[in-house]
Amino acid sequence: MINTLLIGILAPLVLGPTLLLISPKLKNKLGWVAMLIPLISITSIVKVALSVYSHHAIKATTMGLEWIPNLGIDFSFLVDGVSLFFGLVVSVMGLLVVLYSKYYLHETVQDNGRFYCYLMLFMSAMLGTVFANNLIVLLVFWEFTGITSFLLIGFSHEKKESRTGALMAFVTTGLTGLLLLAGLILLTILFKTSDFSQIVSLIGENSLTTIFSPNQIPYLKAAMALILIGAFGKSAQFPFQYWLPNAMAAPTPVSAYLHSAAMVKLGIFLTVRMYPIFKTLSGWNETLLWVGFITMAIGGVFSFLSNDLKGILAYTTVSQLGFLIGFYGLGTLGLEHDFFQILNHVFYKGSLFMVAGIIIHSIGTKDIRKIGGLASVMPLTALTATIAGLSMAGIPGTMGFISKEIMVSKVLELVNVNGGGVYWIFPALLFISAMCLIATSLRFIYHCFYRKTQDGSLSVHKPKLVFQLPPFILSLGALFLGLFPESGGHILNQLNSGIHHVSPSHLAIFHGFNEPLLFGMSIIATGFILFAVAQSVNWRFTGIHKVLLFETHFLSMLNGIKLLGKQIGSKLNVDKQQNYLAIIISFFVISFWYIGFSTVTSNILPIFSLEYLETDTLHFVHLVAGSLLAISSICIIAARKTISKFIALSVTGFTVGFYFMLYKAPDLALTQMLIEAAALVLVLILFSKMPKTLKNQTDPIDYTSSGFKLIISIGFGAMMTSLILIATLPSSFKHMGKYFIDNTLSLAKGSNAVNTILVDFRGFDTMGEITVLVVATLGILGMLMNKKKSTGASDD
Amino acid sequence: MLLFSSIIIGIMFTVAIYLILENRLLPVLFGFGLLTHAANLAILTMSKNPVGKVAPIIKDGVSNYIDPLPQALILTAIVIGFGVTAFLVVLIYRIYTASGSTKISTIFNEETHI
Amino acid sequence: MIHILQSLINNIVVLPFFVALVTALVGIMWRLPGSGRRLFFSVSASIQVILACFIIFLTHKVKILFLPVGAWKAPFGISITIDIFGSLLIGITTLLSLFAILYLFATLKKSKENPLLLPLIQFMIAGIILSFSTGDFFNLFVSFEIFLIASYGLLTLKSDESSIKNAFPYLGINVIGGTLFVLGASFVYGMYGTLNFADISAQTSHLAQDPKLILIASYLVLVFGIKAGFFPLFYWLPRSYSCLPAPVAALFAGLLTKVGIYAIIRTLTTIFPLGLVSIYSAIGYLSIFTMVVAIIISLSRSNIREILCYNLISHIGFLMAAIAIFSPISLTGGIFYMMHHMVVIASLFLISGLVIQITKTDVLKDSGNVWKHHGFVGVLFLVQALSLAGLPPFSGFWGKFLILREAIRFDQVSVAAAIILASILTLLSMIRIWFHVFLKKNDGLKMGSVPKGFKRSTTVVSILVLFSLIMGIFSNPFISASNKAMSLLLNKSRYENKVLSYEQTLKMETDSHSSHSENDAHSKDVTKKDTNHHMESNHDTHKEVKHSSKHFKLESISKKEVSNGSSVH
């Protein structure tokens, strides 16, 4: 069975890219081939569903393959009501969207192979996410939906708005996805497993507070918060709602898919998935409630104020997503018929997006103010839009009505249970949102299809019938379940029952005259009044103020980061190469002394006792050589002329040779003299290549910067002095130098230990040293060779 | 001798770093040269106090040899240092011929303006 | 015959180094560039890859390969010691060098090839391989100098004004770094009387609290930090890398900073005692700055190469974070991340080379159109960019995941936050390149005809991309290898024993030299010993896997416990 499931999930991933290869040959017919892929997925998911279905219930089953055993991460999947419901929604919608795209892409987009490929990759990612059992696998697919949606939204990549939309969506969901990752990591650390079903069975019916000690509860809460942020980001909840309207720059089929059935539902999905884990944690319901209802109200109001066809739909989507999240916030109250709510949204919103696509496709504008009277051209689409729009408005007879009915009754129950007070704000927010949605829906239907156009300039391109079919199918679904809610509710509840443990109440159009009905009716009434009022002022008030559009803040924040980067860059002198050395040396010196003083000094200073230094004998000749060294090196700074500086350096060099003698190192002294002579020659050659003035040039001393230089260099010198003293402190460690003395004659057959070390004991170093010389010569050669070449070329 | 040497070496390092931070190519070159000298001396001090010790050439009847390993390390380091210094000399020559200036700030400022 | 084979196997430890060195030398003799010379170099680079693979295979069997150079016993001579960590890095190094060379051949006309270019590359590779395989402090310095001086040569090879100017700060900083390093090595000798890693480790095992040791260790970490590009020490990097030809820049970016990180990890695990908590936390603070500051700067840069360079620096911060947390899992993640990053950043530099071939510009705002005309290059870039940003299922994710996991587990909230912030900003900076170079329509840009060899170079890059894709999707073998490398790093006694008690085997070998008749018996003995070793090592592997899985199920134990515990097991 795992194989069947894997075929269902991975077939789009594997077969999607092959569409690219065959697209040049098939051209327009590619759509038909592409439809096979969702069919494969649907078939396998149904097959899997049937195999776990017994006794009128879905038996939650996990299955998987080994993936990264070292991290305890299996490629495991969970087949239960939740995953099957979402999986079927995703794959069936995928099929419809491909069918729809075939006609949509017909003329507008050239490279349809790429489009279908992205779409299939996206579908695979979605299926993987909803079926995943291992939390890390879930995250992998979750992020993959982000990547593929980035490609889909930015499909028309030469348009700037499309790129910006893709950027917003990707960065927002990417950031929240990372926070989700952190949350999931916390969860896996707390439960010691990343296997979702194990975690659930670990919890069982216990409250989290009984499983974890009080000091672990804050971590749980952090995990909850992070996971919810991930969900909110994906589902465009407040304050992340801004990306969704901008993502509408995508081709319409993408909007219909991503923003009705698929990606934005992932946040909802995650909330459902995590519900069994967090249900007993305080804060879970409250967060969902507040965020959901606020989003719902904002989305409703903004949709009322928008003029862009897709913008209107986007904000209604935001509103509806808030509705769904808020619904889960009702706690056990909200678990009844949750899938019914989701399916409702899938039906009408998918349908409406497709309708919008047909309109845009046919007349080439998105501005609702310029559209009108399309009913005569496309009666089927008009019918579709009417049904779907009324469902969005929640007019009796549609699925939307029942959905809202349930919501109203639950919210009122919530108020009752909690004794009113601040809880009245939720019905109020619901009222505002629903009222705006009704007005918006009516506007959408009326303005697009039934009103007369103000100018006859609209050139309409009549859409094909098959093109209009997918949205019609969806709207029929909304209508059917609206009229006969029980028939569909039954199946949905079976999917549901596995995980929520609630026995759902009866679904019907009419429950009798009660509080919720009155509330609902009053919403409808005010909605109509609002529409009438708006209509009378000809919608002149529309448009959303810039401050309220978070996208402007988002973009200015990005710009701010860029500016910040520039500022940091210039503060750090990244473009001033002359300062690099100074910065690095100062950092090194400062941090050395910081470490020295903070952790070490107090412990080391006592070691430098005077006794140890008293045994340190000093001969006159040492004194002379040392002083000569010090004086000659200071002379390098003190000398004004470059040539005198150089002379002082040479004196130092030869004195170093002498100092080597004092350290009983004759070989060293000899080498030093030789090298010093060679260096002298080199520098003299350099001098000869430079104009005379340079040699005699005097440096004006810059006292401001020389103070800084002096401090840093003294810090460096003192660092070396103290390091030498520390390194030469008497200790019990045996130095391996003795081994060489002892063995140089017997093993290496040489009396000079230094020589035997160089050529025998550590001959490998010497080989490296010679290599360095060879490479240095090559490098020098390279510099000089090309110089000739380049000057020669310029002569030509 | 140890304390004295370490102070002298410290002074040499101070001067070397001071020179390296200068704004002209040639003093910087001298700074790097001096840095190598100072480093070699510093390595040599690791053979502890040389007073009363003998160069590490085996002779009969002598036992208080100085530690030969630092000397061997320095021999390697001197040669490597020479290679690097030679490279630096040529590089400075090339920079000078390419930009016509020995002042580091002007050499690099020119580029940032272009 | 068996004897020769045996000695070959014994000496295989230094073979990749020698092959690279000899190739470079032959390259110098073989002065004029031509097809034969190119064939020779590519064959040699392939041989190095094969040798490296063989070494990886061997280290998986026997954990630590050890060769005392010149048969001088361990602390006194130079010991070449390769453990799994080293062998993995050698593997990636040879792989990158092979691909860089092939890319070079595809894009560079024979007539325009500088005869010194290939030898210098091989010298650099030789130096880097030696750094990964040496077990001696001073030898490490020598190998650093080999690859550094080769890198100076490569940097100035073009010898135009900008490249030699940019070489100057690079050279200056690295000369100072080299001097500080050789001083550090000699201070270590002054303090502990030895230069051999294993010997230092054995001498200092009880000194974790010793202030002198902390001082010298932090000094060394700072020195290697210059090489690795720690936060305020990174200055040498961006300018110098962005004036190199693409394949050389790819090698620099992929390898040079990692050598610094490698040296730090060695210093803090193999060489000095575990549990130097104050150093870890200092690295932790620096890592936060490195991650965040560098990536913010990258967003303000205006050309592809520099953006990549700052990304590179920022991701060094991830590795630093892995070291700072210093738990077995974070080190596993760090090692994995290191391998991933070497491949990914190198291939991104190669891809930027492809793009520059097409658009003839490196500047974002003058670029554009690539996606439309060269979709495949776009796919390559996208895969590697997302991998760099650490999105699953690409290779960057796993390393980041493990590091982040440990940061969270040990309550290092600021490190975790920095990782998240740096990841998202990396994504942003990659999207910037993606938008400007690939997606944007730029009518002013003339898309010239496809340069010669473009297809071949694209193929080379795509194989590299495929490798990193495999590393992401089938990450288990890589994670398991990193895990073994980590447990070997923390299990210091193994390394010490292998190196310091080698004397006996050594004696046997000298015996076999002297008497031929004993040869057969000896080789039998050795094989017998080897099989024993096999079993032992297999046994060990099991134990380690179990051990690691135990680690993953461990609950928040204090950090100190983990580091101590792993040193004991």
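Residues numbered from 1 in each chain as written. Chains lettered and ligands numbered in written order. Predicted model: local features only at pLDDT ≥ 70, side-chain atom pairs only at ≥ 80, totals over all residues.

Colleague: Where do I start with the overall build of chain B in this structure?
Modeller: From N to C terminus, chain B includes 4 helices and 0 strands. If you list the helices and strands of chain B from N to C, you get α-α-α-α. For chain B, whose C-alpha radius of gyration is 19 Å, the value lies well above the compact-globule estimate of 13 Å for 114 residues. A principal-axis box enclosing the C-alpha atoms of chain B has dimensions of 70 × 25 × 15 Å. (Helix = DSSP H or I, 4+ residues; strand = E, 2+ residues; numbered from the N terminus. Rg over C-alpha atoms; globule rule 2.2 N^0.38 Å.)

Colleague: Help me understand the overall build of chain C in this model?
Modeller: When helices and strands are tallied, chain C shows 24 helices and 2 strands. For chain C, restricting intrachain contacts to residue pairs at least 6 apart in sequence, the fraction spanning at least 24 positions comes to 82%. (Contact = placed C-beta atoms within 7 Å.)

Colleague: Help me understand the interface of chain B and chain C in this model?
Modeller: Size of an interface, as often reported, equals the accessible area lost when the parts are brought together. With 25 residues of chain B at the contact, the number on the chain C side is 21 residues. For the side of chain B that touches chain C, the leading source of residues is helix 3 (residues 69-99) of chain B, giving 15 residues. A breakdown of the residues in the side of chain B that touches chain C according to their chemical character gives 19 nonpolar, 4 polar and 2 charged. (Nonpolar A, V, L, I, M, F, W, Y, C, P; charged D, E, K, R; others polar.)

Colleague: What's the story with the pairing of strand 4 (residues 73-79) of chain A in this structure? I'm lost.
Modeller: It is a general feature of regular strands that their side chains alternate between the two faces of the sheet. Residues and elements named next belong to chain A. Within strand 4, 6 of the 7 residues are buried, which leaves the element mostly enclosed by the surrounding structure. In this structure, strand 3 (residues 61-68) lies alongside strand 4, joined through 7 bridges in antiparallel fashion. Following the sheet pairing, Gly64 is matched in strand 4 by Ser76. Between the end of strand 3 and the start of strand 4, which pair antiparallel, lie 4 residues, with Gly72 showing a positive phi angle near 70°. (Buried ≥ 20, exposed ≤ 12 C-beta atoms within 10 Å, placed from the backbone. Pairing = 2+ DSSP bridges.)

Colleague: When you look at the interface of chain A and chain B in this model, what are you seeing that I'm missing?
Modeller: Contacts between chain A and chain B engage 87 residues on the former and 75 residues on the latter. Of all elements in the fold, only helix 23 (580-604), helix 25 (620-638), helix 26 (642-662), helix 27 (666-689), helix 29 (703-727), helix 30 (737-743), helix 31 (753-761) and helix 32 (763-795) of chain A reach the threshold of two or more residues within the side of chain A that touches chain B. Split by residue class, the side of chain A that touches chain B holds 51 nonpolar, 23 polar and 13 charged.

Colleague: Got a minute to help me understand the nonpolar core in this structure?
Modeller: For soluble globular proteins, nonpolar side chains are generally found buried alongside one another. Core analysis: the largest hydrophobic core is formed by 537 residues, its most contacted members being Ala182 of chain A, Leu91 of chain B together with Ile419 and Trp434 of chain C. Counting residues per element, this core draws most heavily on helix 14 (residues 328-359) of chain C, which supplies 19 residues. Looking at which domains feed residues into this core, each of domain 1 (139-556) and domain 2 (740-796) of chain A supplies at least three. Discounting chain neighbours no more than four positions away, the residues touching Ala182 of chain A are Leu226 of chain A together with Leu404, Ile408, Ala416 and Ile420 of chain C. (Core = buried A, V, L, I, M, F, W, Y, C linked by C-beta atoms within 7 Å. Domains from an automatic or database assignment.)

Colleague: Please explain the packing of helix 14 of chain C against helix 16 (residues 375-388) of chain C as it appears in this structure.
Modeller: Helix-helix packing is characterised by the crossing angle of the two axes and by the distance between the axes. All names here are of chain C. Taken N-terminus to C-terminus, the directions of helix 14 and helix 16 make an angle of 150°; their axes are 10 Å apart at the nearest point. As far as their axial angle goes, helix 16 and helix 14 are roughly antiparallel. With respect to the hand of their crossing, helix 14 and helix 16 are arranged in left-handed fashion. Contacts from Val344, Ser347, Leu348, Ile351, Leu354 and Val355 in helix 14 reach Val377, Leu380, Phe381, Gln384, Ser387 and Leu388 in helix 16. Its residues assigned to classes, the contact of helix 14 with helix 16 shows 9 nonpolar, 3 polar and no charged. (Axes fitted to C-alpha atoms, helices over the stretch in contact; angles between N-to-C directions. Parallel < 35°, antiparallel > 145°, perpendicular 65-115°, else oblique. Left-handed = near helix turned anticlockwise from the far one by under 90°.)

Colleague: What is the right way to look at the confidence of the model for chain B in this model?
Modeller: Should pLDDT be low for a region, the predicted coordinates there are not to be read in detail. The pLDDT averaged across chain B works out to 86; a share of 96% of its residues lies at or above 70. Confidence, read as mean pLDDT per element, is least for helix 4 (residues 104-113) of chain B in chain B (66) and greatest for helix 2 (residues 25-45) of chain B (92). (pLDDT = per-residue confidence, 0-100.)

Colleague: Quick question: what am I supposed to make of helix 9 (residues 211-228) of chain C here?
Modeller: Side chains that are three or four residues apart share a direction in an α-helix, a result of its 3.6 residues per turn. Helix length check: helix 9 of chain C (18 residues) gives 25 Å between terminal C-alpha atoms against 26 Å at 1.5 Å per residue, within 8%. Positive backbone phi, at 85°, marks Gly229 of chain C, one or two positions downstream of helix 9 of chain C. (Expected span 1.5 Å × (residues − 1).)

Colleague: Help me understand the pairing of strand 2 (residues 79-82) of chain C in this model?
Modeller: Residues and elements named next belong to chain C. Every second residue of strand 2 is oriented toward a common face, with Ser79 and Thr81 on one face and Ile80 and Ile82 on the other, all of them buried. Sheet topology note: the strand 1 (residues 65-68)/strand 2 ladder contains 4 bridges and is antiparallel. If you follow Leu67 over to strand 2, its bridge partner there is Ile80.

Colleague: Any chance you could explain unusual backbone geometry here in plain terms?
Modeller: A negative phi angle is the norm for most residues apart from glycine, just as the trans form is the norm for most peptide bonds. Along the chain, Phe238 of chain A connects to Pro239 of chain A via a cis peptide bond; the corresponding omega equals 5°. Along the chain, the position of Pro239 of chain A falls in the loop between helix 9 (217-234) and helix 10 (243-246). Positive phi, normally seen in glycine, also occurs at Phe326 of chain C, with a value near 50°. Along the chain, Phe326 of chain C falls in the loop between helix 13 (304-325) and helix 14.

Colleague: Just to check I follow, could you spell out the environment of Pro245 of chain C for this structure?
Modeller: Residue and element names in this part refer to chain C. Assignment of secondary structure puts Pro245 in the loop between helix 10 (236-241) and helix 11 (246-271). For Pro245, a count of 21 C-beta atoms within 10 Å gives the class buried. Between the C-alpha atoms of Pro245 and Leu155, which are 90 residues apart in sequence, the distance is 9.3 Å.

Colleague: Hey, could you run me through the packing of helix 12 (residues 277-300) of chain C against helix 13 of chain C in this one?
Modeller: All names here are of chain C. Contact geometry of helix 12 with helix 13 gives a least axis separation of 7 Å together with a crossing angle of 160°. Overall, the two elements helix 12 and helix 13 adopt an arrangement that is roughly antiparallel. Handedness of the crossing formed by helix 12 with helix 13: left-handed. Residues Tyr280, Ser281, Ile283, Gly284, Leu286, Ser287, Thr290, Met291, Ala294, Ile295, Ile297 and Ser298 of helix 12 pack against Ile307, Tyr310, Asn311, Ile313, Ser314, Ile316, Gly317, Phe318, Met320, Ala321, Ile323 and Ala324 of helix 13. Counted by class, the contact of helix 12 with helix 13 contains 16 nonpolar, 8 polar and no charged residues.

Colleague: Help me understand the confidence of the model for chain C in this model?
Modeller: Scored by pLDDT, chain C has a mean of 84; 88% of the residues are at 70 or more. Every residue in residues 504-569 of chain C is under pLDDT 50, and counting partners more than four places away or in other chains gives 53 contacts.

Colleague: Quick question: what am I supposed to make of the environment of Asp308 of chain A here?
Modeller: Residues and elements named next belong to chain A. Examined against the element boundaries, Asp308 turns out to sit in the loop between helix 13 (284-305) and helix 14 (309-329). Through-space distance from the C-alpha of Asp308 to that of Thr384 is 20 Å; in sequence the pair is 76 residues apart. Setting aside chain neighbours within four positions, we find Asp308 in contact with Lys366 and Asp367.

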